[in-house]
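# An overview of the molecular structure
What follows is each chain in one-letter form.
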Amino acid sequence: LVGRTYAALQALPPSVQSQAAKAERLRDFGLHKEAVEAWKKAIALAPGNAGLQKELIVSLYQARDYPACASAAEKLLKSNPEDPELQLLRGDAALS
């Protein structure tokens with residue numbers, strides 16, 4: 001099932017939506033490092049999209065890339081300092 005889903009996602013033309021869908025499926029299957037790469041590709045297509053950036057931060061945390069997670073959360077918190085999820089992810093990643 002994972003292989004078929006991944007192959008179907010690979011066949012989609014590059015777009016923000018296809019990369020985000022790919023990242024979500026990869027994360028659903030526990031492939032967090034691969035999901036990080038897909039989120040980065042989606043962000044490259046829509047650099048100002050805070051929602052995509054937040055999803056990347058979640059995947060970085062799940063991939064246990066705590067330094068990158070804390071750094072990315074810190075940057076995004078500059079534009080949304082009251083976001084409790086970002087605050088939690090930044091703090092937890094900084095302590096891990």
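Heads up: the structure comes first, above all this text.
Overview of the structure. (Residues numbered from 1 in each chain as written. Predicted model: local features only at pLDDT ≥ 70, side-chain atom pairs only at ≥ 80, totals over all residues. Heavy atoms only, no water.)

With that settled, the discussion passes to the packing of aromatic side chains. Geometry of an aromatic ring pair is reported as the spacing of the ring centres plus the angle between the planes. Throughout the structure, instances matching the rule amount to one aromatic pair. With 5.4 Å between their ring centres and 65° between their planes, tyrosine 61 and tyrosine 66 make a pair best called edge-to-face. (Phe/Tyr/Trp six-rings, centres within 6.5 Å; stacked < 30°, edge-to-face > 60°.)

Right, let's talk about the pattern of salt bridges for a bit. This structure, assessed with the given rule, holds six salt bridges. Of the charged contacts, one joins arginine 27 and glutamate 55 as a salt bridge, the two residues approaching to 2.4 Å between their closest N and O atoms. Here the residue arginine 27 occupies a position in helix H2 (residues 16-28), and glutamate 55 occupies one in helix H4 (residues 50-62), the gap between them amounting to 28 residues. Residue classification places glutamate 55 among the partly exposed residues on the basis of a relative accessible area of 28%. Its salt-bridge partner being aspartate 83, residue lysine 54 comes within 2.8 Å of it at the nearest N-O pair. Of this pair, lysine 54 sits in helix H4 while aspartate 83 sits in the loop between helix H5 (66-77) and helix H6 (84-95), placing them 29 residues apart in sequence. For aspartate 83, a relative accessible area of 9% puts it in the buried group. When salt bridges with common partners are traced through the structure, they connect Lys54, Asp83 and Glu85 into a single cluster. (Salt bridge = Lys/Arg side-chain N within 4 Å of Asp/Glu carboxyl O. Helix = DSSP H or I, 4+ residues; strand = E, 2+ residues; numbered from the N terminus. Buried < 20%, exposed > 50% of the residue type's maximum accessible area, 1.4 Å probe, protein only.)

Tracing the backbone through its elements, the reader meets leucine 77 in helix H5. Along the sequence, leucine 77 and alanine 11 sit 66 residues apart, while their C-alpha atoms lie 35 Å from each other.

Let's shift gears to the side chain of glutamine 19. Note on placement: glutamine 19 falls in helix H2. By relative accessible area, glutamine 19 is classed as buried at 11%. When residues no more than four places from it in sequence are discounted, the contact partners of glutamine 19 are Ala38, Lys41, Ala42 and Leu45. (Contact = heavy atoms within 4.5 Å.)

Our next topic: the nonpolar core. One finds Trp39, Leu52, Leu56, Ile57 and Cys69 to be the most contacted residues of the largest nonpolar core, which totals 24 residues. Elements with a minimum of two residues in this core: H2, helix H3 (32-45), H4, H5 and H6. If sequence neighbours within four positions are ignored, leucine 52 has contacts with Val16, Ala20, Trp39, Ala42, Ile43 and Ala46. (Core = buried A, V, L, I, M, F, W, Y, C linked by side-chain atoms within 4.5 Å.)

Now for H2. With 13 residues, H2 extends 18 Å between its outermost C-alpha atoms, agreeing within 8% with the 18 Å of an ideal straight helix rising 1.5 Å per residue. Phi turns positive one or two residues past the end of H2, at glycine 30, with a value near 80°. (Expected span 1.5 Å × (residues − 1).)

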